[in-house]
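Below are the chains, spelled out letter by letter.
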Number of protein chains: 2
Amino acid sequence: MTDERRGDVASVDSVLVALADPTRRQLLDLLAAQGEATATTLAEQLPVTRQAVVKHLAVLDAAGLVSGGRVGREVRYAVRPAALDATARWMAGLAADWDRRLANIKRIAEAAERDSP
Amino acid sequence: MTDERRGDVASVDSVLVALADPTRRQLLDLLAAQGEATATTLAEQLPVTRQAVVKHLAVLDAAGLVSGGRVGREVRYAVRPAALDATARWMAGLAADWDRRLANIKRIAEAAERDSP
DNA sequence: CGCCAGTGCAACTCTAGGGTTGCACGTGGA
DNA sequence: TCCACGTGCAACCCTAGAGTTGCACTGGCG
């Protein structure tokens, strides 16, 4: 529901926090590989409990990285690229900004050096 | 020292962990804005102690996001875009991969639906 | 030469969150 | 119908790490 084009700070924060955990990244890899999966089947492929997986999925869901839908008595989760893509663009923009600033600083420093050697 | 071109998992991990903390992101913003700064001057602009800033700078340095150099009796830190840029590309690639996989799944699902309606 | 600013190191507190166990609930299949 | 499987909820442990305080060290400047 969040406007994808706006660089929302809160959403970037939640995505970064979500991706900081290695278990969650593994979870995302598994989900991306299998398309859809339940917390139970995911837990079978990881060295943690189903409950832990459920908590991680909740965090990932809050960050918009996955979404779950009920099918019968089970809940199938799938990966959502939008939030990840938005964060990637935010990060690329930040890196470009740093480059810009560093180039500026360097230019100014060289100009100052030329004035008073 | 790390080869920038290799998508090193460990370095991506350290960058994500480093960026997950809001104080560290603020620190990076300040550094990017000022070009160079010491732990002491940075601490003056933040609601935390200099020691906390030093620890954060150590984490950022280990992730390759900043680097510090001694000038006289003070240590000037500056931002390094390379690691951030590499992580941004890693993330963009991951998002693209997810898109690819989701499109595949969808295609297969539609083919199966066409077979047995 | 003495003093102060800026660092570095170490020990300590405290909370967020990753992980677990145990149980109750509901839905599908035999 | 009954039972088993997958989920949901709550309470709990335990460690990583964000932050603090206190002190020792050292290079610069008056």
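(A) A look at the nonpolar core. In this structure, Leu65 and Leu84 of chain A together with Val15, Leu65 and Leu84 of chain B are the most contacted members of the largest nonpolar core, which totals 53 residues. Not counting residues up to four positions away in its chain, the partners in contact with Val15 of chain B are Ala63, Leu65, Ala83, Leu84 and Thr87 of chain B.

(B) Highlighting the relation of the copies chain B and chain A. Each copy of the sequence occupies a distinct position, and chain B is placed on chain A by a rotation of 180° and an axial shift of 0.0 Å, giving an RMSD of 0.0 Å. Taken together, the rotation and translation describe the operation of a two-fold axis. When C-alpha distances to the rotation axis are compared across chain B, the minimum falls at Ala88 of chain B, with a value of 2.5 Å. Interface overlap between copies: 100% of the residues of chain B at the interface are likewise at the interface in chain A, consistent with a symmetric, same-surface contact.

(C) View of the packing of helix 2 (residues 22-34) of chain A against helix 4 (residues 50-62) of chain A. Residues and elements named next belong to chain A. Helix 4 packs onto helix 2 with a crossing angle of 80° between their chain directions and a minimal axis gap of 10 Å. It follows that helix 2 is roughly perpendicular to helix 4 by the angle criterion. Residues Thr23, Arg24, Leu27 and Leu28 of helix 2 form the contact with helix 4, whose own contacting residues are Val53, His56, Val59 and Leu60. Here the residues of the contact of helix 2 with helix 4 are counted per class, giving five nonpolar, two polar and one charged.

(D) Structural context of the protein's contact with DNA strand C. If you check the shell around DNA strand C, you find 18 residues, and the closest are Thr49 and Gln51 of chain A together with Thr38, Thr40 and Glu74 of chain B. At the level of secondary structure, the elements contributing two or more residues to the surface near DNA strand C comprise helix 4 of chain A together with helix 3 (39-44), helix 4 (50-62) and strand 2 (74-79) of chain B. Sorting elements by how many residues they give to the surface near DNA strand C places helix 4 of chain A first, with four residues. Residues of the surface near DNA strand C, tallied by class, amount to six nonpolar, seven polar and five charged.

(E) Highlighting the protein's contact with DNA strand D. If you check the shell around DNA strand D, you find 19 residues, and the closest are Thr38, Thr40 and Glu74 of chain A together with Thr49 and Gln51 of chain B. Of all the secondary-structure elements, those providing two or more residues to the surface near DNA strand D are helix 3 (39-44), helix 4 and strand 2 (74-79) of chain A together with helix 4 of chain B. When residues in the surface near DNA strand D are grouped by element, the largest group, four residues, is from helix 4 of chain B.

(F) Representation of the interface of chain B and chain A. On the side of chain A, 23 residues touch chain B, which itself brings 23 residues to the contact. At the level of secondary structure, the elements contributing two or more residues to the side of chain B that touches chain A comprise helix 1 (9-20), helix 2 (22-34) and helix 5 (81-115) of chain B. No other element matches the 14 residues that helix 5 of chain B contributes to the side of chain B that touches chain A. Among the residues forming the side of chain B that touches chain A, the class breakdown is 16 nonpolar, two polar and five charged.

(G) A look at the pairing of strand 2 of chain B. Judged from the six bridges that link them, strand 1 (residues 66-71) of chain B and strand 2 of chain B form a sheet pairing that is antiparallel. Note on strand 2 of chain B: the bridge partner recorded for Val66 of chain B is Val79 of chain B.

(H) Expanded view of helix 2 of chain A. All names here are of chain A. Between its first and last C-alpha atoms helix 2 spans 18 Å; for 13 residues at 1.5 Å apiece the expected length is 18 Å, and the two agree. When we look at burial in helix 2, the residues that qualify are Arg24, Leu27, Leu28 and Leu31. Buried residues in helix 2, looked at end-on, bunch into an arc of 100°, giving them a common side. Relative to its buried face, helix 2 has exposed residues pointing more than 90 degrees away, namely Pro22 and Ala33. Each element contacted by the buried residues of helix 2 is listed here: helix 1 (9-19), helix 3, helix 4, strand 1 (66-71) and strand 2. Backbone geometry just downstream of helix 2 places Gly35 in the positive-phi region, at approximately 80°.

Conventions and cut-offs
Residues numbered from 1 in each chain as written. Chains lettered and ligands numbered in written order. Predicted model: local features only at pLDDT ≥ 70, side-chain atom pairs only at ≥ 80, totals over all residues. Core = buried A, V, L, I, M, F, W, Y, C linked by C-beta atoms within 7 Å. Buried ≥ 20, exposed ≤ 12 C-beta atoms within 10 Å, placed from the backbone. Contact = placed C-beta atoms within 7 Å. Least-squares fit on C-alpha atoms with pLDDT ≥ 70 in both. Axes fitted to C-alpha atoms, helices over the stretch in contact; angles between N-to-C directions. Helix = DSSP H or I, 4+ residues; strand = E, 2+ residues; numbered from the N terminus. Parallel < 35°, antiparallel > 145°, perpendicular 65-115°, else oblique. Nonpolar A, V, L, I, M, F, W, Y, C, P; charged D, E, K, R; others polar. Near = placed C-beta within 6 Å. Pairing = 2+ DSSP bridges. Expected span 1.5 Å × (residues − 1). Arc of directions from axis to C-beta.

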